[in-house]
Amino acid sequence: MRLGSRAARARRSAFGPSVVSAAMSSGNGARSDGHEAQAHDVVVVGAGFAGMYMLHKLRDLGFDAVVVERADDVGGTWYWNRYPGARCDVESMQYSYSFDPELEQEWEWSERYSGQPEILRYANHVADKYDLRRDIRFETTVTAVDWDDDARQWHLQTDRGPYRARFVVMATGCLSTANVPQFEGAETFEGPTYHTGRWPHEGVDFDGKSVAVIGTGSSAVQAIPVIAAECRELTVFQRTPNYSVPARNQPLDPIEKADWKANYRELRARMVTEPAAMVLRLPGSEDLAKEASDDEFARRMEQRWAVGGFTFYRAYGDIALDAESNDRVAEFVRRKIAEVVHDPEVAAKLTPHNTIACKRPCLDTHYYETFNEPHVNLVDVSATPIERISPAGVVVDGTEYPVDAIVYATGFDAMTGTLLRMNITGRGGVRLADHWDAGPRTYLGLGVAGFPNMFTVSGPGSPSVLTNMIPSIEQHVDWIARCLVDLRERSTTVIEAEPDAEAYWVDHVNAVADLTLYPTCNSWYLGANIPGKTRVFMPLPGFPPYVEICEDVASDNYRGFALA
Ligand code: N01
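Residues numbered from 1 in each chain as written. Predicted model: local features only at pLDDT ≥ 70, side-chain atom pairs only at ≥ 80, totals over all residues. Heavy atoms only, no water.

Undergrad: What is the right way to look at the pattern of salt bridges in this model?
TA: Here the idea is simple: oppositely charged side chains can pair when their charged atoms come close. As enumerated under the stated definition, the model contains 38 salt bridges in all. As a salt-bridge pair, glutamate 296 and arginine 300 come within 3.1 Å of each other at their nearest N and O atoms. Pair noted here: glutamate 296 and arginine 300 are both in helix H9 (residues 294-307), with a separation of four residues, about one helical turn. Each of the salt bridges in this network shares a partner with another, and the network as a whole consists of Arg59, Asp131, Arg134 and Asp135. (Salt bridge = Lys/Arg side-chain N within 4 Å of Asp/Glu carboxyl O. Helix = DSSP H or I, 4+ residues; strand = E, 2+ residues; numbered from the N terminus.)

Structure follows, in structure tokens:
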């Protein structure tokens, strides 16, 4: 068992003293609020999979790093999203860290796709194994982050006192700020309300209750069948119908698990050459859907529908690129919905007509089937939005739907929400909120011009949410760690994305996205789910070429970054 390097344990600071009084340093911009600022080489914000690995890596490299985390334990996404049915839709043998062969050999996944409790147990195992908690400050919320140009360091204010550091790493997750729509009268509702991304830890009992679920995204698609199995009556309020493909979850076959473990190094290496950083059960094809004969098309799609999972979307190479091919695949799913759902009126309401997979694709277990249950109702709010929430329930078009509890499965202020809420101010007092007024601007999704020494893990402009998140996180953490070591070796104290490089990268992300069908839907990828948010396609499609670009930039003396 590795507990981090001796140098790290000795808390040797690579860049300066470990604890400095904020009062003493008020001349260089530290807030003098009476608290002693803890000084570190690096402050990492967030103790999810990104923050945990970042801390482990930095310690091993001899940096003095600390993580601040608003929750009372590790896990990030998997700490907060405890709603019924919460499960990862990346297969468990691949949704795990690769950095330590011992870890991947000793951990036992039980299902093809792990449920939230198992993933959270894994996060806790990692925290224990590498003794991470001693450098994580839990229940600590960052309230302001200010760059001090004279001292070349960041000052962080938290609700538990100030910190200062040469570098900050934002490991804050892409989907970590809940979106709760401001429905009129919401506060008057007399029953309990829940957001899927803020689920109570003690669990919720829906037995005998009448429950409303608002939303039909990935969270709702997972939660609806499980809530329906528990409650007396379920009413789903759907604004946009969603395409979903069967996950085909099942206990993990011991032979398959053993095979992965025996070949993990080779398979991990293969994963990062795949478009979404995951190896699929059937290989992706470059054939064009629109050119396939009817028989061949039906055979191939049926096969992938039966196998389940994201392999469905790689049946042809042009599904995300060509409207005609996309619609052919969409029509296949529409026919499946009509086959599964007994009531034609309900089936029609559940049937999407937009581009398939331009919103985040959903995988399900009995989602459409659930609407055949006599106690499950579907209310279409596409034409007549939810009017208000009354003390007794949800009101649409003058009709009140009385319920005992409301579940908001209404998603997140994705990719930028958490960063912007931290009040980050860069060089010259420029606020990140102003710099990103017309949408997020980054270089490689790693750095922001005017915000020196601040790194974002899986930030906007990187493939992040379009991939298996853990390999993407590892790639970013490894890149940042290598960069910090390079800076230390060269006695360089400041690295900052150049405005030209950032402008080039923003154009590049947009140009790549415009080659795809992604921008054709009102998705959270575009910020379209949040009223007033600027619509810009935020993640970069194309994981493997991106990894090469990052490597190339680092090898070329951090091309596009100014070093001082
Ligand atoms: O959120 P969403 P999510 N009135 O934004 C509706 C990841 N994830 O939490 O489509 C009525 O997708 C909204 O309607 P519309 C994954 O990346 C992964 O479900 O905007 N409805 C939509 O139906 C995913 O994409 C996993 O018209 C309103 C829903 O709420 C991301 O998290 C599991 C409304 C929100 O859907 C977010 O998924 C779960 C309003 N005013 C999540 N406002 C797995 O790994 C919003 N809606 C399996």
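Now that the structure is up, let's keep going.
Undergrad: I tried to follow the sheet that holds strand E14 (residues 393-396) on my own but got confused; where do I start?
TA: Hydrogen bonds between backbone groups are what pair the strands of a sheet, and the pairing can be parallel or antiparallel. Strand order in the open sheet made by the three strands is E13-E14-E15, with antiparallel pairing throughout. The outermost strands of the open sheet, each flanked by one partner alone, are strand E13 (386-389) and strand E15 (399-402). The mean angle between the axes of side-by-side strands here comes to 25 degrees, regardless of whether they run parallel or antiparallel. (Pairing = 2+ DSSP bridges. Axes fitted to C-alpha atoms, helices over the stretch in contact; angles between N-to-C directions.)

Undergrad: What am I meant to see in the packing of helix H2 (residues 49-60) against helix H15 (residues 469-489) here?
TA: In a packed pair of helices, the relevant descriptors are the angle between the two axes and the axis-to-axis distance. Running from N to C, H2 and H15 point in directions that differ by 35 degrees, and their axes come no closer than 9 Å. H15 is crossed by H2, and the crossing has right-handed handedness. For the pair H2 and H15, contact is made by Phe49, Ala50, Tyr53, Met54, Lys57 and Leu58 and by Ile470, Ile473, Glu474, Val477, Asp478, Ile480, Ala481 and Leu484, respectively. Class assignment for the residues of the contact of H2 with H15 results in 11 nonpolar, no polar and three charged. (Left-handed = near helix turned anticlockwise from the far one by under 90°. Contact = heavy atoms within 4.5 Å. Nonpolar A, V, L, I, M, F, W, Y, C, P; charged D, E, K, R; others polar.)

Undergrad: So what exactly am I meant to see when it comes to the site of the ligand here?
TA: Near the ligand, the surroundings consist of 23 residues, among which Thr216, Ser219, Thr240, Lys359 and Trp524 are the closest. Take arginine 360: an N or O atom from its side chain is 3.3 Å from an oxygen atom of the ligand. Against a free-state accessible area of 910 Å², the protein chains account for coverage of 88% of the ligand. Ranked by residue count, the leading element in the shell around the ligand is helix H6 (residues 218-230), at three residues. Split by residue class, the shell around the ligand holds nine nonpolar, nine polar and five charged. (Near = heavy atom within 4 Å. Polar contact = N/O pair within 3.5 Å; in protein donor to acceptor, adjacent residues only side chain to side chain. Areas by Shrake-Rupley, 256 points an atom, 1.4 Å probe, with all protein chains shown as cover.)

Undergrad: Sorry, what's going on with the packing of H9 against helix H10 (residues 323-340) here?
TA: For the pair H9 and H10, interaxial distance at closest approach is 11 Å and the crossing angle is 60 degrees. Between H9 and H10, the angle falls in the class oblique. At the point where H9 passes H10, the crossing takes the right-handed sense. Mapping the contact onto sequence places Asp294, Phe297, Met301, Glu302 and Trp305 in H9 and Arg328, Val329, Phe332, Val333 and Lys336 in H10. (Parallel < 35°, antiparallel > 145°, perpendicular 65-115°, else oblique.)

Undergrad: Sorry if this is basic, but what is going on with the environment of valine 512 here?
TA: On the secondary structure map, valine 512 appears in helix H16 (residues 499-514). Between the C-alpha atoms of valine 512 and isoleucine 136, which are 376 residues apart in sequence, the distance is 38 Å. What valine 512 contacts, discounting residues up to four positions off in sequence, is Leu540 and Pro541.

Undergrad: Explain unusual backbone geometry to me, please; I cannot follow it from the model alone.
TA: Generally, phi is negative for residues other than glycine and the peptide bonds are trans, each holding for most cases. Here methionine 415, not a glycine, exhibits a phi torsion of approximately 70 degrees, which is positive. Mapped onto the elements of the fold, methionine 415 is located in the loop between strand E16 (405-408) and helix H13 (417-421). One non-glycine residue, asparagine 453, adopts positive backbone phi at about 60 degrees. A residue is classified by how much of its surface remains accessible, and asparagine 453, at 1% relative accessible area, is buried. (Buried < 20%, exposed > 50% of the residue type's maximum accessible area, 1.4 Å probe, protein only.)

Undergrad: Help me out: how do you make sense of the sheet that holds strand E9 (residues 233-238) in this one?
TA: One open sheet holds the five strands; their spatial order is E7-E16-E8-E9-E12, and the pairing between them is parallel. Strand pairing shows two members of the sheet lacking a second neighbour, strand E7 (193-195) and strand E12 (376-380), which therefore form its edges. Across the sheet, the axes of successive neighbouring strands diverge by a mean angle of 20 degrees, strand direction being ignored. The pairing of E7 with E16 spans three bridges and is classified as parallel. Among the inter-strand pairings, histidine 195 is bridged to a residue of E16, identified as tyrosine 408.

Undergrad: How should empty space enclosed by the protein be read in this particular structure?
TA: Any space left empty among the atoms is revealed by the rolling of a water-sized probe across them. Using the criterion set out here, one finds nine cavities of 30 Å³ or more in the structure. By volume, the largest cavity amounts to about 90 Å³. Along the wall of the largest cavity there are 14 residues; nearest its centre are Glu91, Leu280, Gly309, Phe310 and Thr311. When the residues that make up the lining of the largest cavity are grouped by side-chain class, the tally is six nonpolar, four polar and four charged. The volume enclosed by the second largest cavity comes to roughly 80 Å³. Lining the second largest cavity, in full, are Pro440, Arg441, Thr442, Pro460, Gly461, Val506, Val509, Asn510, Val536, Phe537 and Met538. Tallied by class, residues from the lining of the second largest cavity come to seven nonpolar, three polar and one charged. (1 Å grid on protein atoms, 1.4 Å probe; cavity = no way out; pocket = protein on both sides within 12 Å on 5 of 7 lines; lining within 4 Å. Points joined across faces, edges and corners; volume = space filled by probe spheres on them.)

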